[in-house]
Amino acid sequence: MNRAAPILIAIVVLCAGIWLVPLVHFVPLKSARQHSTEATFNPSAFAETFWSERLLESVDKAVDAAVLLAEIKQDPKEAREKHGRTLGLSGTYYYFVSGTGRILTVDKESVSLTLGAKDSTVDIILETGNIFGNAVRDGTGLIDVNNYPNSRDFNDISSEINRRIEERVLPSLRAKAAVGATVHFAGCAEISNETTDLHPLVLVPIVAEVQ
Amino acid sequence: MKMHYLKLAIAFALVATLTSGCKQNSDESKSPDMPKPDEQAKIAIVVSTLNNPWFVVLADTARDRAKELGYDAEIFDSQNDPAKEEANFENILASGYKAIILNPTDADGSIANVRKAKAAGIPVFCIDREINATDAATSQILSDSYSGAVALGQNFVKQVGEQGQYVELLGLVGDNNTWNRSKGFHSVVDRYPGLKMVAQQSADFDRAKGMEVLESILQAHPDINAVFCGNDAMAMGAYQALVTDGKADKVKIFGFDGSDDVVKLIADGKIAATGMQFPKTMARKAAEFADQYIKGKRDFEQKIPVSVELVTKENVDQYKDYGKASGG
């Protein structure tokens, strides 16, 4: 009896321990599948939420195009430090810009604008063809690369944002664009070559309302 | 009664031995953090392969910068083999290194090695290639492959036109750069229905395999107009295959890396374009980060993208020696 008592106590303690902290969990297959799906990044769903809840809301934070172009003309380096966004150690940087301009030309893949009332200088070019690259993802400063363990997910966000621009912004712009019409716009410019990219600014538009 | 005393003595001896052992281990674990003034701290550079000049430049630059900063630096070659990388890490963790600069072999497979180093208190700085985790490496300095490939894709359409047949040579399938480059390229080229990809095959970022794979593809598809290669080593292999087949003047080759031999062939009009990745910038920055960590800094950005610049015949004079000719 003296020998059996400690063994019995040990077994009871062990059973209680396993009951309290089970080594194996059984969960319904449906629930496990749902959990697995939640863990997988969905770029389309992310981009949809980003588009409706963050991107369009952020337009009032974009720098005024006329102000920016004046500052670039005065001191491009200072303008970059003040308004530009750079990702990591990149030489390439971005501007998030808004404004109102008058259409000077309508081409197959772009619309050119001037910001001056009677001017004929092209200040802004709005892209209206296929949209490529990361200008909007990186130019707005709203998405942080550090939040994405896998850069493939991060890059998929760009494709989804670009697709929405092609579907939701460009068709109306292409349909209504006419020489002399006024356009309220907001978008992002990628500057990889300061000799060619600073004037006119080439924007991927996220807002383009022809009045 | 004598047995009880004997058991007690043995138990005491056992506890004393274990306690002294713990103390010794504790002292040992502290000692690497406090090198003697004359002792040179060591930094390890683990590179995916040295069988490619681009990675030799990457590793050599990291080693040289670490030496400039006063460290003893050694390069470990993983030979594109995750098992060799694991063995390298075991060796490094047992040898008192203060920091590791890692060019991983596999985005998922290398995570465990980085975690082991982290658990041992040794920071890991990834360069060029990422690992699929943001809580393991101290920082990751990575080429923005996707954006670089988008620019190459746009240039591809400009040079090849909107009609034609092409081949894609992929890199190592376990590396994220392989897919970021492929996806960036296809995000542009797939929008042009007249451009048909007749073959897509991995050549593991390797020059010899690049040549072999393209030779084989050319037998089935002799009329291709272009080849998009996931790195410059494969572009060089593709060029050799096309020279052998007498088609080097008819087929446009696009690479990725900015290696010296490809930059020279772009200047000669033999290769159409590449993406300059700036390996020296990444390697130097990683060595400087390791130095800052050893001196006490802890707040590093997890991911630091480095832009990739398009190199074509029009701007090739701006690039040399794995970077900007102006030294950028």
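Quick notes on the rules
- Residues numbered from 1 in each chain as written.
- Chains lettered and ligands numbered in written order.
- Predicted model: local features only at pLDDT ≥ 70, side-chain atom pairs only at ≥ 80, totals over all residues.
- Heavy atoms only, no water.
- Helix = DSSP H or I, 4+ residues; strand = E, 2+ residues; numbered from the N terminus.
- Buried < 20%, exposed > 50% of the residue type's maximum accessible area, 1.4 Å probe, protein only.
- Lys, Arg positive; Asp, Glu negative; His and termini not counted.
- Salt bridge = Lys/Arg side-chain N within 4 Å of Asp/Glu carboxyl O.
- Contact = heavy atoms within 4.5 Å.
- Pairing = 2+ DSSP bridges.
- Axes fitted to C-alpha atoms, helices over the stretch in contact; angles between N-to-C directions.
- Expected span 1.5 Å × (residues − 1).
- Buried area = accessible area lost by both parts, 1.4 Å probe.
- Polar contact = N/O pair within 3.5 Å; in protein donor to acceptor, adjacent residues only side chain to side chain.
- Nonpolar A, V, L, I, M, F, W, Y, C, P; charged D, E, K, R; others polar.

Visitor: Requested: an account of the side chain of Asp 144 of chain B, with residues and values cited.
Guide: For Asp 144 of chain B, the location among the structural elements is in the loop between strand 5 (139–143) and helix 5 (145–160). An unpaired buried charge is present at Asp 144 of chain B: no salt bridge exists, and Arg 137 of chain A, the closest side chain of opposite charge, is 4.6 Å distant. For Asp 144 of chain B, the residues in contact, after removing those within four places along its chain, are Asn 134 of chain A together with Val 306, Ser 307 and Val 308 of chain B.

Visitor: Break down the sheet that holds strand 2 (residues 72–77) of chain B for me, citing the residues and quoting the values.
Guide: Strands in a sheet are paired, the pairing made by backbone hydrogen bonds, and the direction either parallel or antiparallel. All names here are of chain B. Read from one edge to the other, the open sheet built from six strands follows the order 2-1-3-4-5-11, with strand pairing classed as parallel. At either margin of the open sheet sits one strand with a lone partner, and together these are strand 2 and strand 11 (303–306). For this sheet, the mean inter-axis angle between neighbouring strands, taken without regard to orientation, is 15 degrees. As paired strands, strand 4 (residues 124–128) and strand 5 are joined by four bridges and run parallel to one another. Paired with Asp 128 across the two strands is Leu 142, which belongs to strand 5. Helix 10 (residues 279–294) contacts strand 1 (42–47), strand 3 (99–102), strand 4, strand 5 and strand 11 of the sheet and is inclined by roughly 170 degrees relative to strand 4.

Visitor: I'd love a proper account of unusual backbone geometry, names of residues and values included.
Guide: Here the bond from His 199 of chain A into Pro 200 of chain A is cis, since omega is 0 degrees, no more than 30 degrees from zero. Relative to the elements of secondary structure, Pro 200 of chain A occurs in the loop between helix 9 (194–197) and strand 7 (201–210). In this structure, Asp 204 of chain B takes a positive phi of about 55 degrees despite not being glycine. Along the chain, Asp 204 of chain B turns up in the loop between strand 7 (195–202) and helix 7 (207–220). Given a relative accessible area of 25%, Asp 204 of chain B falls into the partly exposed group. With a phi close to 50 degrees, Asp 321 of chain B is a non-glycine residue in the positive phi region. Position of Asp 321 of chain B among the secondary structure elements: in the loop between strand 13 (319–320) and strand 14 (323–324).

Visitor: Pulling in residues and values, what's your account of helix 6 (residues 176–189) of chain B?
Guide: All names here are of chain B. With 14 residues, helix 6 extends 20 Å from end C-alpha to end C-alpha; this agrees with the ideal 20 Å at 1.5 Å per step. In terms of burial, helix 6 is a largely internal element, twelve of the 14 residues being buried. Every buried residue of helix 6 is accounted for by Asn 176, Asn 177, Thr 178, Asn 180, Arg 181, Ser 182, Gly 184, Phe 185, His 186, Ser 187, Val 188 and Val 189.

Visitor: Break down the interface of chain B and chain A for me, citing the residues and quoting the values.
Guide: On the chain A side, the residues contacting the 28 residues of chain B number 23 residues. Taken over both partners, the interface formed by chain B and chain A buries close to 2,100 Å², and the fraction arising from carbon and sulfur atoms is 48%. The tally of links from chain B across to chain A stands at two salt bridges. Ionic pairing is found between Lys 183 of chain B and Asp 156 of chain A, a salt bridge with its closest N-O pair at 2.6 Å. The interface formed by chain B and chain A includes 17 residue pairs in polar contact (both at pLDDT 80 or more). Of all elements in the fold, only helix 5, helix 6, helix 10 and strand 11 of chain B reach the threshold of two or more residues within the side of chain B that touches chain A. Here the side of chain B that touches chain A gets six residues from one element, more than from any other, and that element is helix 6 of chain B. Its residues assigned to classes, the side of chain B that touches chain A shows eleven nonpolar, ten polar and seven charged.

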